[in-house]
Each structure stands twice: as C-alpha cells, then as structure tokens.
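Commentary on secondary and tertiary structure
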Amino acid sequence: MNNDQNILTDQFGRVHDYLRISLTERCNLRCFYCMPEEGIVLRPRSEFMSKDEIVSIANTFVALGVKKIRLTGGEPLVRNDAKEIINELSKLPIELAITTNGILVDKFIDTFKANRMNSINVSLDSLQENKLNKITRRNYFKSIYSNIQRLIREDFHVKINAVIMRGVNDDEIIDFIEFTKDNKVHFRFIEFMPFDGNKWDWSKGISYKEMMAIVNNNFKEKVSKIEDKKNDTAKNYQIDRYKGTFAVISSVTNPFCDSCNRIRLTADGRLKNCLFSGSETDLLTPFRNGIDVQPLIIESIWRKKERRSGMETITQFSDSALHSNNRSMVSIGG
Ligand code: SAM
Ligand code: SF4
C-alpha cells in the first residue's frame, strides 16, 4: 500500500489525510477555556503511548494515506522525549507541524530547524501580560511573547491562535490585527467551543459575523478577503499593506465539516474521528496485543458523522448532555 491512496474516506466522500497526535494530556498552563478548574486526573504513564508506539501507529496512518501530522496536546513540548519523537516522525513522508503554547519554544528551535518544521502554531489569547496570565492561570507571558518574536526573526511561518471570548479579549481584536502590521504572522481568531469542564455558554462566545463587524467597522475598505486553501478551517483576510494576515475559525457558527480531513489520536491512543465526538476507537490496546489496527482505523473513519458528530445547531451544542461525554480539550488534543 502506498500513501497516495485515499483509503481513509468516509461515507460522505471526505478523504482524511491530516492526523493530529496529542503527545500528552499534561500542560504547563491552565487556560480556563481548555483545562477544567479542578485540573485533570493524572493517570499512570503506562496508559499513554510511548515514543515507539507513537511512531509505529503514525506509520500505520501514513500507510493509509496520511500526508500531514500535527503534534499537539496538552502541551506537546513538556514531554521529556518530545525531541526524539520529532526526530523520528520527521523521517516519514509527511509534513510535520506543531501547535504549542510557546513557553518552551526556545529549547526546540534547533530541533524544528533540523527536522524542517517550518510551520509553528502558537497560542496567545492576549497581548496584555496581566490578562494573559489571568486566562492561563500562570505567569509566562514574557517567555511566550519573546519566543513568538524569535520564531518571526528566524523566519518560521508563525500562526497565532487566540480564542475570542466576550468580556475577556474581544476588546483586543483590533490590537491583534495591528500586530500583523509589522509582523509577518497569521493571527487566527477561534470561536469559543464547548468541551467537558469548560462551562461553555454561547453568550461568552463571539461569532465570526460579530468579529468581522468589529474589523470592518475599524478598517473599512482596507480589509480584503484572501483565498482560503482547500480543507482550510479558517476564513482568511488581510489589511492593505500589512505584512501579516488574519483569519476566523468559525467552528460554532459556520462549521467546516464538509471539507474536514482531520483525524485525532489522543495521548492514550484513542482515535477520534471528530473533535466533538463522544465515541472513540481504542487503538493502543489492540496494538499492544499485536492486533493489526488498520481495519479499526478504516472502520472508524467510515462511521464519521456528517456534521459535528451529530450536533448541528448551537442549541444542541448548548445541551451539556450531548457534549459532556466528550473529553476536555486538554485531553483531546486541539
Ligand atoms: N498547548 C498547545 C496550545 O495551547 O497551543 C496545544 C494544545 S491546545 C488544546 C490547541 C488549541 O486549542 C489552542 O490554540 C487553544 O487555544 C485551542 N482551544 C482550547 N480550548 C478551546 C476552546 N474551548 N475553544 C476553542 N479553542 C480552544
Ligand atoms: Fe494548555 Fe494549550 Fe490547553 Fe492552554 S490551550 S491549557 S496551553 S493545552
């Protein structure tokens, strides 16, 4: 089997060639929209994939047609063997990317360069130190900010993710865009999504429409729409003559399920065929028992629901009974 085949196709004809692997559920931040206030129960290391298991299972996905792997978490860079995992995965015929909170980026710059990982996504929900520290319940603003500057200086392709929440950072949308004036980064505003333990309520969210009203009102005819790439989850824009760009990821009000090509593998080796799915396919136990996991992967993708794991509307999203059987974001791997 070679990885040009579209084996991972679902009932709706969507081809799945993008795998997001969570390296750990642990994190050095406690962002309130992601990590439940009470934290998550720490489980024994043996319940999570080892480096070799990650590499073997990733190989299986590549044989089934996966062309891009993004490492995520929790915070992927807190894992002790993160460098070795990156070194091994970069030998596969895939594009390797990462989403990180940025705190440890300076320790990994050489690893990223050595493994041709040029595209780094960093989360930053505020440009104000006090506010970011409140959102993340930790005090790492300075390291995150200077690591973002370093990535920009060293010519990485940097995307900055900000979850936009009412009364929290919606007053910074213009500042975030102003940051793209002299910095060649791609700022992405994410609609606040519901997960177990994050006390979701759409009144705390800001919709794509509302964000763009704020942007258009401020920048007027200087705003231009730029082309969205195939399978892109973001609606992309640029302000005239600004070096960087910005986008909105509208998973709540305007989902992109029709072109979804994503598969998620949790740190404990469960496949999730949708971010919002409460059901999972355990790959790690059969893998450890010497069972071929390929048929399990193919079957799980085939069974993927058409839209948001069956939650079509905001009303359904608001029904905690429908999404509380999902995990918290920190243990899914966003
Ligand atoms: N720790 C890394 C980081 O923060 O970038 C990677 C994991 S984090 C779960 C991945 C992304 O999920 C982050 O950009 C974060 O902002 C986003 N995220 C977490 N909870 C979210 C929520 N409730 N709604 C929208 N995005 C969320
Ligand atoms: Fe950690 Fe990332 Fe979740 Fe923040 S968003 S708690 S940094 S995993």
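Residues numbered from 1 in each chain as written. Chains lettered and ligands numbered in written order. Predicted model: local features only at pLDDT ≥ 70, side-chain atom pairs only at ≥ 80, totals over all residues. Heavy atoms only, no water.

1. Quick look at the site of ligand 1
- The full set close to ligand 1 counts 20 residues, and Tyr33, Gly74, Glu75, Ser123 and Met193 are the nearest of them.
- Side-chain polar atom of Asn161 to an oxygen atom of ligand 1: 3.2 Å apart, as the coordinates give it.
- Here Met193 contributes a backbone N or O atom positioned 2.9 Å from a nitrogen atom of ligand 1.
- For ligand 1, whose free accessible area comes to 540 Å², the fraction covered by protein is 95%. (Near = heavy atom within 4 Å. Polar contact = N/O pair within 3.5 Å; in protein donor to acceptor, adjacent residues only side chain to side chain. Areas by Shrake-Rupley, 256 points an atom, 1.4 Å probe, with all protein chains shown as cover.)

2. Remarks on the nonpolar core
- Judged by nonpolar contacts, the single largest core of 99 residues is most densely connected at Ile21, Phe61, Ile69, Phe112, Phe189 and Phe246.
- When residues in this core are grouped by element, the largest group, six residues, is from helix 1 (residues 51–63).
- Phe61 has contacts with Leu8, Leu19, Val66, Ile263, Leu265, Leu271, Leu283 and Ile297, leaving out every residue within four places of it along the chain. (Core = buried A, V, L, I, M, F, W, Y, C linked by side-chain atoms within 4.5 Å. Buried < 20%, exposed > 50% of the residue type's maximum accessible area, 1.4 Å probe, protein only. Helix = DSSP H or I, 4+ residues; strand = E, 2+ residues; numbered from the N terminus. Contact = heavy atoms within 4.5 Å.)

3. With respect to the sheet that holds strand 8 (residues 234–239)
- Strand order in the open sheet formed by twelve strands is 7-8-9-6-5-4-3-2-1-10-11-12, with mixed pairing between adjacent strands. Unpaired on one side and paired on the other, strand 7 (223–225) and strand 12 (281–282) mark the two borders of the sheet.
- Judged from the five bridges that link them, strand 4 (residues 119–123) and strand 5 (residues 157–164) form a sheet pairing that is parallel. Its bridge partner lying in strand 5, Ser119 is registered against His157. (Pairing = 2+ DSSP bridges.)

4. As for helix 9 (residues 294–302)
- For helix 9, the set of buried residues is Gln294, Ile297, Ser300 and Ile301. Projected down its long axis, helix 9 carries its buried residues within an arc of 135°, all on one side. (Arc of directions from axis to C-beta.)

5. A short note on unusual backbone geometry
- For Lys220, which is not a glycine, the phi torsion comes out positive at approximately 50°.
- Looking at the secondary structure, you find Lys220 in the loop between helix 7 (208–219) and strand 7.
- Despite not being glycine, Arg241 shows a phi value in the positive range, around 70°.
- Taking the relative accessible area as the measure of exposure, Arg241 reaches 82% and is therefore exposed.

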